[in-house]
Structures are given as structure tokens and as C-alpha cells.
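Spelled out from the first residue to the last, the chains are:
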Amino acid sequence: MRKPAPEVAQNTWAFLRDPMIAPTGFREYDARWKYPDDINLPGITALGLGLGTQMHRRGIEPVIAVGNDYRDYSLSIKNALILGLMQAGIHVKDIGPALSPMAYFAQFHLDAPAVAMVTASHNPNGWTGVKMGFERPLTHGPDEMSELRDIVLNGEGQPRDGGKYEFVDGVREAYLDDLVGDFRMTRPLKVVCATGNGTASAFAPELFRRLGVEVVESHNRLDYTFPHYNPNPEAMEMLHDMSASVKASGADLALGFDGDGDRCGVVDDEGEEIFADKVGVIMARDLAKLYPDATFVADVKSTGLFASDPELQKHGIKADYWKTGHSHMKRRVKEIGALAGFEKSGHYFLAEPIGRGYDCGMRVAVEICKLMDRNPDMSMSDLRRALPRTWSTPTMSPHATDEEKYDILARLVEKLVAKHEAGEEIAGRAIKEVVTVNGARVILDNGAWGLVRASSNTPNLVVVCESPTSEEEMRAIFHDIDAVIRTEPGVGDYDQKI
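Let us look at the structure shown here. (Residues numbered from 1 in each chain as written. Predicted model: local features only at pLDDT ≥ 70, side-chain atom pairs only at ≥ 80, totals over all residues. Heavy atoms only, no water.)

Section: the pattern of salt bridges
Next, step 1: If you walk through the whole model with that rule in mind, you get 43 salt bridges.
Next, step 2: With a closest N to O distance of 2.9 Å, R332 and D320 form a salt bridge. Highlighted residues: R332 in helix α11 (residues 326-336) and D320 in strand β13 (residues 318-322), separated in sequence by 12 residues. With respect to class, R332 is no different from D320; both count as buried.
Next, step 3: With a closest N to O distance of 3.4 Å, E367 and K370 form a salt bridge. (Salt bridge = Lys/Arg side-chain N within 4 Å of Asp/Glu carboxyl O. Helix = DSSP H or I, 4+ residues; strand = E, 2+ residues; numbered from the N terminus. Buried < 20%, exposed > 50% of the residue type's maximum accessible area, 1.4 Å probe, protein only.)

Let's talk about empty space enclosed by the protein
Next, step 1: Counted by the stated rule, this structure contains two cavities of 30 Å³ or more.
Next, step 2: Of the pockets and cavities examined, the largest cavity occupies roughly 120 Å³.
Next, step 3: Contributing to the lining of the largest cavity are 15 residues, with P233, E234, F275, A276 and K344 lying nearest its centre.
Next, step 4: Of all elements in the fold, only β10 (264-268) and α8 (276-290) reach the threshold of two or more residues within the lining of the largest cavity.
Next, step 5: Grouping the constituent residues of the lining of the largest cavity by class yields nine nonpolar, four polar and two charged.
Next, step 6: Looking at the second largest cavity, its volume works out to about 50 Å³.
Next, step 7: Forming the boundary of the second largest cavity are M283, D286, L287, L350, I354, E367, L371 and R374.
Next, step 8: Of all elements in the fold, only α8 and α12 (361-374) reach the threshold of two or more residues within the lining of the second largest cavity.
Next, step 9: Looking at the lining of the second largest cavity, its residues break down into five nonpolar, no polar and three charged. (1 Å grid on protein atoms, 1.4 Å probe; cavity = no way out; pocket = protein on both sides within 12 Å on 5 of 7 lines; lining within 4 Å. Points joined across faces, edges and corners; volume = space filled by probe spheres on them. Nonpolar A, V, L, I, M, F, W, Y, C, P; charged D, E, K, R; others polar.)

With respect to the sheet that holds strand β12 (residues 295-299)
Next, step 1: Taken in spatial order, the four strands make up an open sheet running β13-β12-β14-β15, and their pairing is mixed. A strand with exactly one partner marks an edge of an open sheet, and here the two such strands are β13 and β15 (348-350). Taken over all neighbouring pairs, the strand axes of this sheet differ in orientation by 20° on average, direction set aside.
Next, step 2: Relative to β15, strand β14 (residues 340-342) is paired through three bridges, and the arrangement is antiparallel. Of the residues in β15, the one forming a bridge with A340 is L350.
Next, step 3: Docked against the sheet, α8 engages β12, β14 and β15, running at close to 20° with respect to β15. (Pairing = 2+ DSSP bridges. Axes fitted to C-alpha atoms, helices over the stretch in contact; angles between N-to-C directions. Contact = heavy atoms within 4.5 Å.)

Description of unusual backbone geometry
Next, step 1: Cis geometry is adopted by the peptide bond preceding P36, which originates at Y35 and carries an omega value of 5°.
Next, step 2: Topologically, P36 is positioned in the loop between β1 (31-34) and α1 (41-57).
Next, step 3: Put simply, R136 and P137 share a cis peptide bond, and its omega is 5°.
Next, step 4: Within the secondary structure, P137 sits in the loop between β5 (127-133) and α4 (142-153).
Next, step 5: Not every positive phi belongs to a glycine, and S121 is a case in point at roughly 55°.
Next, step 6: Phi angles above zero are rare outside glycine, and A427 is one such case at about 55°.
Next, step 7: Within the fold, A427 resides in the loop between β17 (425-426) and β18 (429-435).

A closer look at the pairing of strand β2 (residues 63-68)
Next, step 1: Burial within β2 is extensive, with six of its six residues counted as buried.
Next, step 2: The side-chain alternation of β2 yields two buried faces, one formed by V63, A65 and G67 and the other by I64, V66 and N68.
Next, step 3: With six bridges joining them, β2 and strand β3 (residues 91-97) adopt parallel strand pairing. Its bridge partner lying in β3, N68 is registered against P97.
Next, step 4: Each parallel crossover has a hand, and the one from β2 via helix α2 (residues 74-87) to β3 is right-handed.
Next, step 5: The sheet contact formed by β2 and strand β4 (residues 114-118) spans five bridges and is parallel. When the sheet's bridge partners are listed, N68 is paired in β4 with V118. (Right-handed = clockwise from strand over helix to strand, strands pointing away.)

Topic: the nonpolar core
Next, step 1: Residues F208, L255, M362 and I368 are the most contacted members of the largest nonpolar core, which totals 73 residues.
Next, step 2: Beyond its immediate chain neighbours, meaning those up to four positions away, L255 contacts V191, V192, C193, A194, F208, M242, C264, G265, V266, A365 and I368.
Next, step 3: Core analysis: the second largest hydrophobic core is formed by 34 residues, F26, W33, L47 and V130 among them. (Core = buried A, V, L, I, M, F, W, Y, C linked by side-chain atoms within 4.5 Å.)

Read these as layout, nothing more, since geometry by itself doesn't imply function.
And the structure:
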């Protein structure tokens, strides 16, 4: 196999012939590129050959389930990937258009040892990528990704005989059957189903109806131009739209899904947008009654309530704060035998006996419906108000290039640790500790905190702040953390700010 070039000019003979792959597309736990700017179809085929070679090197049975999200170019990307996998001697089981969690489900359903899902997740159109995994329900983490990157970029992919293609029908129906089971709502529930015209449009409305939920449709027609907004339930644009739909329809809540359906966002009956980590605490409280003494994993962007909430403490719940990222969280949940993992981005990892440990927005939606059924006298706003009050920012992402962001972050972590060691304050409070498991989470003496880390998927840093005291303190924390961030000239504008 020839080594892929980092750049090949578009609209040339070579662009249709020679593999091009920008090295920055190999990220911590999945692979994402702008297409066709950073990768071309021969580059995708080289990626498939590399992934198949990695399977052989690791002694994995050469069978893989492959799916693609609903974007106008995803089928072309998948076919180019399949070509490379077959070239590597892999038996490809093509499950057709899918959600990422449907592809993860297919690993179990088809007893396939590997999975590759072509998706740009919640990234806007113009992006593509692949989520892949071998040891179900896990997906590639940093070790597997760096090994794959070296195989591909060094041209180490090895063609072998034995490649085979098989289209497998019926996985979507089996996936929906598995989600629904024998559960039916016993209380009336009216839900705004927000899919932003993305892949989840082909799943969520039908799922809710089968559960016995009344559906208020919101952009549920498949349209890969995303005419209203990019489906991403962490973005305020989508959450505001969900809120307006709740108020207009009188629904009990809104549930929204991202482009590949592995995340779920929630707006309550009053139109209040509940950040996903707080939804996680609401779910954790409900699950704690059913599974006392369980362990929950939360990512470092999440609220401190998983550790401090008296209701969770009453049921003996243990909180474990871990690295942000779906692969890191899945692995952690499995390693420590946690019941569930919750990420502020809306990825939830519900392990046995609730789910299979992978992130599935549809499974979360089902479990929220079950939660509402178990609490027939409570509205979602009642459940929100029952939580201890905290004030938190949305996830805010200032621009930093993929080439520079980790070096910038390392210097920011040093500066924040130095502030702590020098006895300096943030927002007029003493710094209790700086947790550096994933960037820097600066924890103040009253449990308030501010986080800065590098995005694993996009050319950005990530900033989140929370106060248990007031909105003013939350804003002051952001002001002081941002002042440190602004000492780095390589950091640009935010995508959204408070």
C-alpha cells in the first residue's frame, strides 16, 4: 500500500487516484475529517485497508458490521471504506443507513467482533468520519487510534484474500424491538420529538409511538441539508427550538437527538432547557432507588452534584469523575463495573441490566419515559426543581487549531496549577484543588468550579463553569478562567458565550 499524502490538490487526476489523509483527522477516540478538503475517497479506502490490517494484527476474527449516517456523501464514504476492508480480507456485514448506537447494537445482534460507523456525529455538513471498535461495547481509544494512524499513514496496510460483502437487512427493526421490549406507558405522556432532520428522524418518532407516547413532531423529515439547524442537542439553537415547541404544544417535555443518535437532550414542560449533566442527576436519583450502592461515572465537564447530592448519598451512590469522550467513558464504565456513565454532552452509557454499556440516545429516551412512568405525580420541571440549585454555563468552545490546541492546553494547565500553588483566587474564592485528569478542573472552596480542556473532535478548547451559589459567581469564574485563556494568542473566538 502506498503512503497517503497529507495533501493532494482537488480537481486533479491524482485526487481521483492517490490516497490523501490529513494526519490531524486521527483523534483521541474517533476519526474525523472535512471532506473532501482533508481526505479523499482513495484515502478512505486506505483507512479501511488499515482498519482491516489492524484487526488481523490483533487476532480479531475478520468480520465487521458497517453502517452510515444520513448525509448525502456518507454512502460514498462507506463504500470506499468497505472497499478497503474487503481488500484487507475482511467479511463486511453492511447494515445500511443507521444510527451509531444501531451499529453498536449490530455488533451484538450479528455477533460481529468489530464495528465501523461512518458518521460526522454532530459536526456540521462538510465533515465525515468513522467510529470504530473491536471489544464490544467499547470503541477505539487513544492506544487503538494511534496504532491505526501509524498503520494507515505509514502505508502498512496489507491486502489479503478472503474479503466478502454481505448486506444484512432487518437490523433497524431488531434495534427498535430491543429498545421497546415489553414496556408500555401507563401514564399519558406528550413528547416533542426533535431530530433536526437528521438520522434519528428515521427512528425516534416510531420508537415513541410504540412506547405509547403522544408525539409532537419537530423537524422529523429526513433532509441531509439540515434546513433548520445542525442537529446537536448541546447547541442552544436546537434547545431554544425545542423549548418553543414545548410551549406551543403544551407537551410534557422535549427530547432531542444529534446527527448520529448517540446523544439525547431534554427540555422540560415549562420550556426550561436542562443541561444533560443535570438530566443525568435526575436519572441517577431514579436509578439509585432501584440499584442502591451503585457507582456512576461522570465526565469532568459535568456538575459536581453526582458527588454532593444528598439524595444520591442517601442511597450509597459512589461518583467517579473521568475523562470526557465517549470511548474514555465507555471503557471506564466497563472497567469499574459502574451502572451508568453520564457526560455533559448528552452521551449516556447505561450498562447491564439497563443497557449494553454503549451510548445510545434512543435508549436514554426510553429510560426517561420509564422514569416519568415511575413518577406519575411528577412533571419533568418538578424533577428539575427537586435537585439542589446550581448555576452552570453551556459548553463553550473557543477556537484553537488541531495542531496547537494540546500545547496551548498544557500551558494553560501549568498557569492554573501555578495560581493554586501561589494561593491566588478565582472569583474571589480560594482554589481548593486543580484536577488535571483531562485538562484542568479548578475547584473552589465552596464546590464551584471552572474547566478548560481540549476538544477531541474539533479545533477548539472547551470551557465549562458551575457555581452552587449564584449566577454572578458562575460568571465571575468564567471571567477569571477566560482571562487566563486570553494569555494564549493562539486561542480565537468562542462559538457561544454566556
